[in-house]
Amino acid sequence: MDYEPQKLEARWRDRWAEAGRYEADPDGEAEPTFITVPYPYPSGGMHIGHCRTYTVPDVYARYRRLQGDEVLFPIAWHVTGTPIIGAVERLKKGEEDQLSVLRDTYNVPEDTLEDLETPMGFARYFIENHYKSGMKQLGLSIDWRREFTTNDDRYSKFITWQYETLKERGLLEKGLHPVKFCTDEENPVTTHDLLEGEEAEFQEYTLVKFEADIDGERGARSASDGSSGDEPRDVIAPMATLRPETVRGVTNAYAHPDGEYVRATVDDETWIVSSAAVEKLRLQEREIEIDEELTGADLIGETVTNPITGDEVVILPATFVDTDNATGVVMSVPAHSPDDYLALQEAKADDERMREYGIDPADVADIEPIPILDIEGYGDVPAKTAVEDAGIESSDDPDLEDVTADLYQAEFHQGIMHDDYGEFAGMTVENVREEFRAHYQDEGAFDEMYEFTEDVVCRCGGDVEVAKQDTWFLRYNDAEWKRKAHQVLDGIDTIPENTRDQYDHTIDWLNEWPCIRNYGLGTRLPWDEDFVIEPLSDSTIYMSYYTVAHRLDEIPPEDLDPDFFDALFYGEDAVDDPDERALELREEWNHWYPVDWRCSGNDLINNHLTFFQFHHGELFDESEWPQGITIMGMGLLEGEAMSSSKGHVVLPSKAIDEYGADTVRFFLLNSAEPWQDYDWRDDLVGSTRDQLERFWSRAQAVIDYDIEEMVEITLEAEGEETTDVAIDEDARPDLEHVDRWLLSKLQGTIREATEAMDGFETRTASQAIFYSFEEHLKWYRRRADLDREGAQWTLREVLRTRLRLLAPFVPFMANELHEELTGEPAEDADWPEPAPEFEDETVERRERLVESVTDDIHDIVDVTGTDPDTVRVYVAADWKRDVFETVRETGTDVGAVMGQVMEDPELREKGDAVNDLVQDLVELVRERDDDELAAMADVDEQAVYADAEAFLESEFDATVEVYDESDPDAVDPDGKADSAVPFRPAIHLE
RNA sequence: GCGAGGGUAGCCAAGCCUGGAAACGGCGGCGGACUUAAGAUCCGCUCCCGUAGGGGUCCAGGGGUUCAAAUCCCCUCCCUCGCACCA
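Let me begin by describing the structure that accompanies this report. Nothing here was measured: the structure is a model prediction, and the numbers come from that model. (Residues numbered from 1 in each chain as written. Chains lettered and ligands numbered in written order. Predicted model: local features only at pLDDT ≥ 70, side-chain atom pairs only at ≥ 80, totals over all residues. Heavy atoms only, no water.)

1. Structural notes on the pairing of strand 13 (residues 312-317)
As a reminder, the rule being used: Burial classification: accessible surface area is computed with a 1.4 Å probe over protein chains only, and a residue below 20% of its type maximum counts as buried, one above 50% as exposed, and the rest as partly exposed. Numbering of helices and strands starts at the N terminus; helices are DSSP runs of H or I of at least 4 residues and strands are runs of E of at least 2. Only strands that DSSP links by at least two bridges are regarded as paired with each other.
Most of strand 13 sits inside the fold, with 5 of its 6 residues counted as buried. Bridging between strand 8 (residues 252-255) and strand 13 involves 4 bridges; their strand directions are parallel. What sits directly across from Tyr-254, in strand 13, is Leu-316. Of the strand pairs in this sheet, strand 12 (residues 303-305) and strand 13 are connected by 3 bridges, and their pairing is antiparallel. Bridge pairing links Thr-305 to Glu-312 in strand 13.

Printed below as a string of structure tokens:
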């Protein structure tokens, strides 16, 4: 029978669907195992990069089923938030990129595009036509009865319960939060909505509130009312800085001479800021009203008072000031900022210009840098040193940016604050900046303002700014909650183990998390319908929802009030009048929970997977806390990241049509461990397909062996409750040494595969079962006479076992072949157990000797380029064997062994020969453990080589003679025999 | 910068936790068998030297521990990912 995966896979899919094979219901007997994977987000189709995420848990699910567990593996669909809405909007606008993705990448038929113009229509299309069909094609053993979307009424009731509960427990808090805000659409926007600046980060500027006395009529002030400069300075010039601790080093300020500025009432104060800053401040929840338009020239030459030191400094003109960034007024710290240092030098050198703005050049000349911290290797005035060492003379120098970055870096980590910083003196910037800032913010000397690190532009073309918005936070910074999360983590198996640190770190690092958005699909915030709970926040405990999802469908959504879920999750005592239906469902929830394994992506460690731990810790009892998390690496396509927008993807349907689902699965599971990145390469997938096909045809040959009678015995034997035919000796023909060798290897393979599967090491497991074992078979086919009944029985037994081991990986092929072989699919059988009867270290040692003597002869043939007619093998003499025993007993100390050996007068006579031998044997013993040595000691070498004579003769097409080194009749023309060493016979070719 | 993970032969990649064989596999390459031929399949070889199973040099670079280091420790260089309100 030829290997036709498409046909045979279709057959099995139908069988599984008809029988409802993977629908899991509690039956009370078997051990329940509950495996989940993040529900897919159908904002586009599924591609091959998604496939492994779902295949790995499927393999584990199938493995546990063979182990006798009852396994629940469900799936649902995450549609919360804006991505789907965004995709629909782009489609409706007819954006070319979006149309191309839909038409060309995901093959959406032209007449179907219309159905995609509503968010749920869009989601439904991809759910049905891509995810669901793809998952079924892949043969995922999902219980399809339990699917739902996060936009369903009943799911929303569940989320409502969750958030009501968290609010009652004080874990939600209202506050202000910076968001990206499109000034055209007057709406918050997500990263998906951006044209430019996707990388932009929020930057929190400190505003140092210098006091001034400025209005539009320069100099008019003193003329009009005759007052002097001693008037109370009631205008604030907020200087924006990222290094608030440098405030004591300010020598002057800068404004742009041609910039547009305003004097405005900000909250209750009067501020001088750039015109561009007005709208920004307004978005950041400031009450702001413009009193007067000014120009930079109005500011320049004025003095301002440092709120910390009380020093008066002058505002100088500088064209490098960006009025579009922050407040448009900056303070100058020439001792620590290379830019400021150079600007000051340039100002000093340009008397003409200073006079133009009414500044006395002598005042400028008097300005000297004021150092505020010490840093090793940078002298008294670090900026000066940095600039001079780099040979920079002008602020246009391209190296200036690097020099500045280096100095800032060094000062941040190593800069020690001067004594006049009082309580902050003597510490590094790194350790004082936050505290220093908070201190003066409390005192009212500092304020704050957000800016982006780069320009951000919305897809609509509008300018995006930072806005502060009312929001609700999840209080992940709550110490008690963090403690619980750590406890949850302590009980979790993390795969791979080295991710544990990352979770721990994330738990500590998480701060308040804004959990709502202004728009999007999903559940409305129960007490404020204007907001919707965002996707990472509505997906923290939904695994519990799976346990009852299909049964909730029978209950009207309006009955699913918080009391219902309290009764479901906390039991009948939790509410006054528990709903009977909830209590019934509670049994199933109790049956499946906790989640045994959550199989997720490494990119979710920082958020989802840690949220998952926080919420389980808070909402459920310790007995319901998750047991394990595995994370998965990314998929590459031909060495590059996949991208649906670039069309650089392979669709599962296409791959499956071309190679078959088993090949796709096997490649995904075998090319790397789940947590490692893998690379989908067409040529490698093709060769995987070839390997499976080869396996198939070899299996067919074994199935075709004419040993009918034995099969009957087998079945009969099973009828009599013999657990395994393999140990029913009456049912099997005589076995030779090589057969036992292969069977021993088989047991080792079972052990290795089982251990690997328990740790989700799909690569190690499938390598052992498939590729490594093929190597053994290769040797076996060389070594064994396959016409013997014993060999055929062995190959059958090997196939039967391997098919069961392979069933989780390539379920279609393995079930088909197993059924052909035994009459029942592999999935109806058990995961194999190693049979102690066939595990035999001595048998393996013996075979190892044959392999190494074969290799050695090959080596000699190759090196000499000869084609021997006669091969002579000399086994080491008994006395050498005695020395080996002595080494075993005495240990690997050469001196001690020699002492022992030399007591024997016969050996003493042999002199150097003994010495060399001891050296060799000490080495040999040192490299092996006791069991191995014991097995070696049991081997009768002479018999091993004599047994292998026929094999060696056919291998080398020569006569093979085996002698004992000490045999006086041994033929030894070149005197090779005495170089024999135990386990390393001497060889002579002729 | 902070946190995590890496650097192994032409390429991909195992081994590292638990030190002990020039280092599993695969791809590619070379040679051979089968075949009318191609493909598939099978068997060798694929760091350097070698007409006797040997020798030499190797696992980013440099030190160290050890009888013994790809593996343990220290330092340096390089790469990837995350650093949030985005699913």
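2. Looking at the sheet that holds strand 32 (residues 986-989)
Note the following rule: Angles here are taken between N-to-C directions and fall from 0 to 180 degrees, while the axes themselves are lines fitted to C-alpha atoms, restricted in helices to the stretch in contact.
If you walk across this open sheet you meet the 3 strands as 31-30-32, and the pairing is mixed. A strand with exactly one partner marks an edge of an open sheet, and here the two such strands are strand 31 (959-964) and strand 32. On average, each strand axis in the sheet is inclined to that of its neighbour by 20°, with strand direction left out of account. Here strand 30 (residues 870-875) runs beside strand 31; their pairing, made up of 6 bridges, is parallel. Residue Tyr-874 lies in a different strand from strand 31, and its bridge partner there is Tyr-963.

3. Some thoughts on the protein's contact with RNA strand B
Using the following cut-off: Put simply, a residue is near a molecule or strand once any heavy atom of it comes within 4 Å of that molecule or strand. The term polar contact refers here to a pair of N or O atoms within 3.5 Å; inside protein, the definition further demands a hydrogen-donor-capable atom paired with an acceptor-capable atom, and it admits residues adjacent in sequence only when both atoms are side-chain atoms.
Close to RNA strand B lie 47 residues; Tyr-41, Pro-514, Arg-517, Asn-606 and Asn-607 are nearest. Taken together, the sugar and phosphate atoms account for 53% of what RNA strand B places within 4 Å of the protein. In this structure, Gln-676 approaches RNA strand B through a side-chain N or O atom, which is 3.0 Å from a phosphate oxygen. At a separation of 3.4 Å, a phosphate oxygen of RNA strand B approaches a polar side-chain atom of Arg-698.

4. What about the packing of helix 10 (residues 338-348) against helix 13 (residues 382-389)?
Our working definition: Angle categories are assigned with fixed cut-offs, so that under 35 degrees is roughly parallel, over 145 is roughly antiparallel, 65 to 115 is roughly perpendicular, and the rest are oblique. By the convention used here, residues are in contact when the closest approach between their heavy atoms is within 4.5 Å. Three categories are distinguished: nonpolar for Ala, Val, Leu, Ile, Met, Phe, Trp, Tyr, Cys and Pro, charged for Asp, Glu, Lys and Arg, and polar for the others, with Gly belonging to the last.
Running from N to C, helix 10 and helix 13 cross one another at 85°; their axes reach a closest spacing of 8 Å. Taken together, the axes of helix 10 and helix 13 lie roughly perpendicular to each other. Residues Pro-338, Tyr-341 and Leu-342 of helix 10 form the contact with helix 13, whose own contacting residues are Ala-383, Lys-384, Val-387 and Glu-388. Counted by class, the contact of helix 10 with helix 13 contains 5 nonpolar, no polar and 2 charged residues.

5. Here's the deal with the side chain of Asp-856
Within the secondary structure, Asp-856 is located in helix 31 (residues 841-864). A relative accessible area of 17% means that Asp-856 is categorised as buried. Ignoring anything within four residues of it in the chain, the contact list for Asp-856 reads Arg-984 and Ile-987.

6. A few points about the environment of Gly-426
Mapping Gly-426 onto the fold places it in the loop between strand 16 (416-417) and helix 15 (429-443). Judged by relative accessible area, which is 48%, Gly-426 ranks as partly exposed. With 11 residues separating them in the primary sequence, Gly-426 and Gly-415 have C-alpha atoms 9.0 Å apart. In contact with Gly-426, other than residues within four places in its own chain, are Ile-416 and Met-417.

7. Considerations on helix 3 (residues 83-92)
In terms of burial, helix 3 is a largely internal element, 7 of the 10 residues being buried. Following helix 3 by one or two positions, Gly-94 adopts a phi angle in the positive range, close to 75°.

Purely geometric numbers; function is a separate question.
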